Amino acid sequence: MNKRKNDRRRRRRNPVLLVLTIILSTVFVVSMSKLVLELLEYERAKAEYDALAKLVVAEPKAEVIPEEAIEEPVPEETEEKPFSWRFLADWAPEEMWGFYPGLEISHDELKEINPDYLGIITIPALDLVYPMVQGEDNDHYLHVTFEGSRISSGCIFVDCRHRADFTDYNTLIYGHNMRNMTMFGSLKRFIQNTELCDTDPYIYIYTCARHMPPRTDAEDAESTGEGENPEDAESPGEGETAENAGSFSGGETGPEDELPAQGEEIFVPEAVRRYRIFGYYVTGGYSDAYMEVKNKEYYDAFVDSILRVSNYENGRDAVDFSEYPRLITLSTCHGASGSGQYFVVHAALEELIPTGPETEDTGEEDQE
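Below is a summary of the structure that appears in this document. (Residues numbered from 1 in each chain as written. Predicted model: local features only at pLDDT ≥ 70, side-chain atom pairs only at ≥ 80, totals over all residues. Heavy atoms only, no water.)

**Thoughts on the overall build of the protein**
- What the protein contains, in helices and strands, is six helices and twelve strands.
- The buried share of the protein, reckoned over its 368 residues, is 43%.
- Taking all contacts inside the protein whose residues are at least 6 apart in sequence as the whole, residues at least 24 apart take part in 70%.
- Summed over its atoms, the accessible surface of the protein is roughly 21000 Å², and 50% of this surface lies on carbon and sulfur atoms. (Helix = DSSP H or I, 4+ residues; strand = E, 2+ residues; numbered from the N terminus. Buried < 20%, exposed > 50% of the residue type's maximum accessible area, 1.4 Å probe, protein only. Contact = heavy atoms within 4.5 Å. Areas by Shrake-Rupley, 256 points an atom, 1.4 Å probe, with all protein chains shown as cover.)

Structure below.
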């Protein structure tokens, strides 16, 4: 009798175990499939950006020969100074030599691949080098690569609300936190190794030459100081250009500076911008890190909010904010997917060095 009861119990249990086995097996297969697809996407994205890296090549460093090893006398320096192509053009000040990593960048070829191309961002401390774009919205490049492939890693992109010449008070730059440390995935190393930023606390942005859109009455009003009340101000830095926003020094210009005429396109030359990191931390999506910095009053509040919560202690006194240097904010996700946490890095413009002609070369010879 007992044996029959046990047999009936086993038969009742078996369907339950079978269903559980099927469910667990399905979950395992789906999870493994997602993992494999993710790894394949990572490889596709890596292959694409490795190919693009051929258009961004580090300049070879000159060999340093000890003075005692030189047998022949060193020739006197002439007025014509040698320079590396796109390292520092001959019209740049001599004292600027060596202020940024030498990169050979094929801006024209990168623009042909993607017309939304703005320039190259590099963080030497993280071995991070990527092209940047700016789309018509902030959704497109979340899952579209520089060459237009639909891959989860997407592209490094500048917030569509900001000016392409980086003259807004603060410019937001977004990138995914990839598990394989690509894109902005390596930014987390700053909090994993607190001494890393002390070693090399700089971000460099190499921008191509471009024409900025015509100015408007509202933009002219803000550039001359009107609308300083935060409640009445226009969007941050609108209408400011390399000429009237002090972009070559990181500061402000006076009202006596000549402004381009309304409706006139502004040529912004190729340049390298060097930014000094002064803060980084983990935050939520609605924190002050994403504040719209509309004018100087907003700027002061924005900087104060960063310094209050920053994990980078040595960055607190690293920047003189009295001249309102232009800022950039790098933003990426942090933690598990859906956590609502973000990791942000803030940096201030220290130097802007033109590396191309300050006027457009039309290809036409001057008529005598």
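**As for empty space enclosed by the protein**
- For the structure shown, the criterion picks out two cavities of 30 Å³ or more.
- Put simply, the largest cavity is a space of about 40 Å³.
- Lining the largest cavity are ten residues; nearest its centre among them are I105, H107, Y206, E270 and T355.
- Where the lining of the largest cavity is concerned, the elements lending two or more residues are β2 (103-105), β7 (202-207) and β10 (271-284). (1 Å grid on protein atoms, 1.4 Å probe; cavity = no way out; pocket = protein on both sides within 12 Å on 5 of 7 lines; lining within 4 Å. Points joined across faces, edges and corners; volume = space filled by probe spheres on them.)

**Concerning the nonpolar core**
- Counting 73 residues, the largest nonpolar core has I121, I173, F190, I203 and L330 as its most contacted members.
- The element that contributes the greatest number of residues to this core is strand β12 (residues 341-354), accounting for seven residues.
- If sequence neighbours within four positions are ignored, I203 has contacts with I121, T122, I123, R273, R274, Y275, I277, I328, L330, V345 and A347. (Core = buried A, V, L, I, M, F, W, Y, C linked by side-chain atoms within 4.5 Å.)

**A word on the sheet that holds strand β5 (residues 156-158)**
- Overall, mixed pairing links the eight strands, which are arranged β3-β4-β5-β6-β11-β12-β10-β7 in a closed barrel. Geometrically, the sheet is characterised by an average inter-axis angle of 30° between neighbouring strands, direction not taken into account.
- By the bridge criterion, two bridges tie β5 to strand β6 (residues 170-174) in an arrangement that is antiparallel. Residue pairing for β6: V158 is matched across the bridge by I173.
- Running at roughly 60° to β10, helix α6 (residues 296-309) makes contact with β6, β10, β11 (327-334) and β12 of the sheet. (Pairing = 2+ DSSP bridges. Axes fitted to C-alpha atoms, helices over the stretch in contact; angles between N-to-C directions.)

**Some details on the packing of aromatic side chains**
- Overall, the coordinates contain eleven aromatic pairs when judged by the stated rule.
- Look at F278 and F321: their rings are 5.0 Å apart centre to centre, the planes differ by 75°, and that puts the pair in the edge-to-face class. Of the two residues, F278 sits in strand β10 while F321 sits in the loop between α6 and β11, which places them 43 residues apart along the sequence. Judged on exposure class, the residue F278 and its partner F321 are both buried.
- Between the aromatic rings of Y280 and F343, the centroid separation amounts to 6.0 Å while the plane-to-plane angle is 50°, which identifies the pairing as tilted. On the criterion of sequence distance, the pair formed by Y280 in strand β10 and F343 in strand β12 is long-range, its members being 63 residues apart. (Phe/Tyr/Trp six-rings, centres within 6.5 Å; stacked < 30°, edge-to-face > 60°.)

**Considerations on the pairing of β10**
- β10 sits mainly inside the fold: twelve of its 14 residues count as buried.
- Sheet topology note: the β7/β10 ladder contains six bridges and is antiparallel. For T207, the partnering residue across the bridge sits in β10 and is A271.
- Strand direction decides the pairing type here: β10 and β12, joined by 13 bridges, are antiparallel.

**Observations regarding α6**
- End to end, α6 covers 20 Å across 14 residues, agreeing with the expected 20 Å (1.5 Å per residue, within 8%).
- Residues Y299, F302, V303, S305, I306 and L307 constitute the buried set of α6.
- Those residues of α6 that are buried lie in contact with β6, β10, β11 and β12.
- At the N-terminal end of α6, a side-chain oxygen is found 3.1 Å from the backbone nitrogen of E297, two or three residues along, and the residue is N295. (Expected span 1.5 Å × (residues − 1). Polar contact = N/O pair within 3.5 Å; in protein donor to acceptor, adjacent residues only side chain to side chain.)

**So, the pairing of β11**
- Within β11, seven of the eight residues are buried, which leaves it mostly tucked inside the rest of the structure.
- In the sheet, β6 pairs with β11 via five bridges, with the strands oriented parallel. If you follow N170 over to β11, its bridge partner there is L327.
- Sheet analysis places β11 next to β12, joined by eight bridges and oriented antiparallel. Directly across from S331, in β12, lies its bridge partner V344.

**Section: the side chain of S186**
- Relative to the elements of secondary structure, S186 occurs in the loop between β6 and α3 (189-192).
- The class for S186 is buried, based on a relative accessible area of 4%.
- The contacts of S186, once residues within four sequence positions are left out, are L126, L128 and M181.

**Topic: the pattern of salt bridges**
- Counted under the stated rule, the structure contains four salt bridges.
- Its salt-bridge partner being R161, residue D159 comes within 2.9 Å of it at the nearest N-O pair.
- With its nearest N and O atoms 3.2 Å apart, the salt bridge here joins E350 to R274. Here E350 is found in strand β12, whereas its partner R274 is found in strand β10, with 76 residues between them in sequence.
- The partly exposed category is assigned to E350, whose relative accessible area is 28%. (Salt bridge = Lys/Arg side-chain N within 4 Å of Asp/Glu carboxyl O.)

**Details of unusual backbone geometry**
- Unusually for a residue other than glycine, F166 sits at a positive phi of about 60°.
- Counting through the fold element by element, F166 comes out in the loop between β5 and β6.
- In this structure F166 comes out as buried when scored by relative accessible area, which is 3%.
- The phi dihedral of Y324 falls on the positive side, at around 55°, and the residue is not glycine.
- Residue placement: Y324 occurs in the loop between α6 and β11.

Read these as geometric descriptors, not functional statements.
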